[in-house]
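Here is what each chain is made of, one letter per residue.
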Amino acid sequence: MEQELEHKNNSYFTIPLYFVLTLWVVKWVEYKFGFNFALLGVKPQSIEGLKGIIFSPLIHGDTVHLFNNTVPLFLLTMAIFYFYKKIAWRVILIS
């Protein structure tokens, strides 16, 4: 029983942590290797701009923008996995 409880506590904390770490790693790669991921953003009225629907959540203008998105992303994702464990992945994918 105690092991099951520990697993539940870790999952609602670690999954949001992985999401946040992914954003920071993408930003680090952009800075470290001189990439400009803004090219992967949404471009209105163009077919090639549709890839931005998938990639735009990973793109941030600067570290202040990234930090301002990190706290809400972590807290709200943690809340989704804590309160709505059964449908959390569906909610994340549809969002």
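What comes next is a walk through the structure. (Residues numbered from 1 in each chain as written. Predicted model: local features only at pLDDT ≥ 70, side-chain atom pairs only at ≥ 80, totals over all residues. Heavy atoms only, no water.)

Tallying secondary structure elements over the protein chain gives 4 helices and 0 strands in all. Overall, the protein chain shows an N-to-C arrangement of helices and strands of α-α-α-α. Relative to the globule expectation of 12 Å for 95 residues, the C-alpha radius of gyration of the protein chain, 16 Å, shows a markedly less compact shape. Expressed as lengths along the three principal axes of its C-alpha atoms, the size of the protein chain is roughly 50 × 30 × 20 Å. For the protein chain, the proportion of its 95 residues judged to be buried stands at 21%. (Helix = DSSP H or I, 4+ residues; strand = E, 2+ residues; numbered from the N terminus. Rg over C-alpha atoms; globule rule 2.2 N^0.38 Å. Buried < 20%, exposed > 50% of the residue type's maximum accessible area, 1.4 Å probe, protein only.)

Attention now goes to the environment of Gly 34. By the element assignment, Gly 34 lies in the loop between helix H1 (2–33) and helix H2 (52–55). Between the alpha carbons of Gly 34 and His 60 there is a distance of 14 Å; along the sequence they are 26 residues apart.

Further remarks concern the packing of aromatic side chains. By the definition in use, this model includes 8 aromatic pairs. Taking the centre distance of 4.8 Å and the plane angle of 70 degrees together, the rings of Tyr 12 and Tyr 82 count as edge-to-face. Linking Tyr 12 in helix H1 with Tyr 82 in helix H3 (residues 63–83), this pair joins segments that are 70 residues apart in sequence. Ring geometry for Phe 81 versus Trp 89: centroids 5.2 Å apart, planes at 75 degrees, classification edge-to-face. (Phe/Tyr/Trp six-rings, centres within 6.5 Å; stacked < 30°, edge-to-face > 60°.)

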